[in-house]
Amino acid sequence: METRSAVAAGASIRLSRVSKIFPSPKGPVEALANVELTIAPGEFVSILGPSGCGKSTLLIAIAGLEPPTSGTISIAGRIVGAPRRETAIVFQDATLLPWKSALQNVLYPSEIGRQPRSAHEPKARALLQRVGLAGFEDRRPKQLSGGMRQRVALCRALVQDPDVLLMDEPFSALDAITRDEMAELMLDLWGEGGGRTAVFVTHSIHEAALLSDRVVVMRRRPCEVIADITVPFARPRRTTIVDDPAFVALCAKLRGLIEVSMGRRSNSAA
Ligand SMILES: Nc1ncnc2c1ncn2[C@@H]1O[C@H](COP(=O)(O)OP(=O)(O)OP(=O)(O)O)[C@@H](O)[C@H]1O
Ligand SMILES: [Mg+2]
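Right, let's walk through the structure included here. (Residues numbered from 1 in each chain as written. Chains lettered and ligands numbered in written order. Predicted model: local features only at pLDDT ≥ 70, side-chain atom pairs only at ≥ 80, totals over all residues. Heavy atoms only, no water.)

**A closer look at helix α1 (residues 55-62)**
So, point 1. For α1, the buried fraction is high: six of the eight residues fall into the buried class.
So, point 2. Within α1, burial applies to Lys 55, Thr 57, Leu 58, Leu 59, Ala 61 and Ile 62. (Buried < 20%, exposed > 50% of the residue type's maximum accessible area, 1.4 Å probe, protein only. Helix = DSSP H or I, 4+ residues; strand = E, 2+ residues; numbered from the N terminus.)

So this is what it looks like as structure tokens:
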């Protein structure tokens, strides 16, 4: 594994008055309404909010995969108009190519980028080893468990040394124990990652509080940011932090904000 200094530093992300309206047979659907968000280089920011509040739409827009209807998104000071090589994205399903081995899947970004395999293979093997998949390099996705497949997807995202890592509920299809293991692995990879910027979409208050520097809470109708909470715990963090009264209090605060985001409580009660 490379040391912190060998990895590209994170890039800043800035969303300015970002709105997204999808046409639909029942009329336009406003999936993002005037979202303002600034993320500093190297920050780990979670996006929390109810289903349909625009979290995936936001991530896909930051990735440059689907442009906003209005407003601007910039990364490292440049307007995002298309996917950039330095931005990696991990989805809920590992989205691996079934006919390729774990190693070939991790190397796929270099293959489509027409980069020589020799330039990335040692890194790909080291990453697979780092996530506990040494000996599984030649397995096809269907020969791996869900947690293993998601580890492969994480390696595929990291192999190109992204300065921005976007994750859309990457652990939500996993069982509770595997999910906790993945959160712990994520914390370690993050610590070793040299400060890349991360945006992590989750429904889990616990995961958001454990992993993030900041938690952004969104609501539906209008799909906008209602709170931006700084997580004060020092890094490196261990999962045992969940028993800390300050962690429990933060989770309670976030739970209150989720209630607000779902219209079950007023903001003053959060
Ligand atoms: N391609 C699309 N065409 C039409 N409407 C869409 C499209 N993508 C998203 N939407 C709508 O935009 C809104 C936000 O969707 P989005 O998938 O971003 O929500 P989400 O917060 O990620 O939800 P979940 O937590 O269920 O994943 C929803 O009302 C959804 O139906
Ligand atoms: Mg989503």
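From this point, things continue past the structure.
**Here we look at the side chain of Gln 150**
So, point 1. Secondary-structure assignment places Gln 150 in helix α5 (residues 146-158).
So, point 2. Residues contacting Gln 150, with those up to four places away along its chain left out, are Val 90, Phe 91, Gln 92, Asp 93, Ala 94, Pro 170 and Met 182. (Contact = heavy atoms within 4.5 Å.)

**A few points about the sheet that holds strand β8 (residues 197-202)**
So, point 1. With mixed pairing, six strands are arranged side by side in an open sheet as β6-β7-β8-β3-β9-β10. Strands at the two margins of the open sheet, each flanked by one partner only, are β6 (87-90) and β10 (224-230). Neighbour-to-neighbour, the strand axes of the sheet open up by a mean angle of 15°, direction not taken into account.
So, point 2. In terms of strand pairing, strand β9 (residues 214-219) meets β10 through six bridges, oriented antiparallel. From the neighbouring strand, Val 216 faces β10, where its bridge partner is Asp 228.
So, point 3. Taken strand by strand, helix α6 (residues 176-192) contacts β3 (44-48), β7 (164-168) and β8, and its axis lies near 165° from that of β8. (Pairing = 2+ DSSP bridges. Axes fitted to C-alpha atoms, helices over the stretch in contact; angles between N-to-C directions.)

**A word on the packing of helix α4 (residues 117-130) against α5**
Helix-helix packing is characterised by the crossing angle of the two axes and by the distance between the axes.
So, point 1. Two elements in contact, α4 and α5, have axes whose closest approach is 10 Å; the angle formed by their N-to-C orientations is 145°. Note on packing geometry: the crossing formed by α4 with α5 is right-handed. Across the interface between the two elements, Lys 123, Leu 127 and Leu 128 of α4 pack against Val 152, Cys 155 and Leu 158 of α5.
So, point 2. Among the residues forming the contact of α4 with α5, the class breakdown is five nonpolar, no polar and one charged. (Left-handed = near helix turned anticlockwise from the far one by under 90°. Nonpolar A, V, L, I, M, F, W, Y, C, P; charged D, E, K, R; others polar.)

**Remarks on the packing of aromatic side chains**
So, point 1. Across all of its chains, the model carries four aromatic pairs by this definition.
So, point 2. Plain terms: the ring middles of Phe 44 and Trp 190 are 4.9 Å apart, the flat faces sit at 80° to each other, and that makes the pair edge-to-face. Here the residue Phe 44 occupies a position in strand β3, and Trp 190 occupies one in helix α6, the gap between them amounting to 146 residues. Both residues of the pair, Phe 44 and Trp 190, count as buried.
So, point 3. Linked through ring pairs, Phe 44, Phe 171, Trp 190 and Phe 200 together constitute an aromatic cluster. (Phe/Tyr/Trp six-rings, centres within 6.5 Å; stacked < 30°, edge-to-face > 60°.)

**With respect to unusual backbone geometry**
So, point 1. For the bond from Arg 221 to Pro 222, the omega torsion is -5°, close enough to zero to count as cis.
So, point 2. With respect to the secondary-structure elements, Pro 222 resides in the loop between β9 and β10.
So, point 3. Between Arg 235 and Pro 236 the backbone carries a cis peptide bond, its omega angle lying at 0°.
So, point 4. Looking at where Pro 236 falls in the secondary structure, it is placed in the loop between β10 and α8 (245-261).
So, point 5. The phi torsion at Arg 221 lies on the positive side, around 45°, for a residue other than glycine.
So, point 6. Tracing the sequence through the fold places Arg 221 in the loop between β9 and β10.

**Some thoughts on the pattern of salt bridges**
So, point 1. For the structure on display, the rule yields 18 salt bridges.
So, point 2. Residues Arg 14 and Glu 36 are paired through a salt bridge, measuring 3.7 Å at the closest nitrogen-oxygen approach. Remark: Glu 36 occurs in strand β2 (residues 29-39) and Arg 14 occurs in strand β1 (residues 13-22); sequence separation between them is 22 residues.
So, point 3. Glu 36 gets classed as partly exposed once you look at its relative accessible area, which sits at 37%.
So, point 4. The shortest N-O distance in the salt bridge between Arg 151 and Glu 181 comes to 3.5 Å. With a gap of 30 residues between them, Arg 151 in helix α5 and Glu 181 in helix α6 connect regions that are remote in the sequence.
So, point 5. A relative accessible area of 15% means that Arg 151 is categorised as buried.
So, point 6. Its relative accessible area of 43% is what places Glu 181 among the partly exposed residues.
So, point 7. Because the salt bridges share partners, they merge into one network encompassing Glu 43, Arg 214 and Asp 228. (Salt bridge = Lys/Arg side-chain N within 4 Å of Asp/Glu carboxyl O.)

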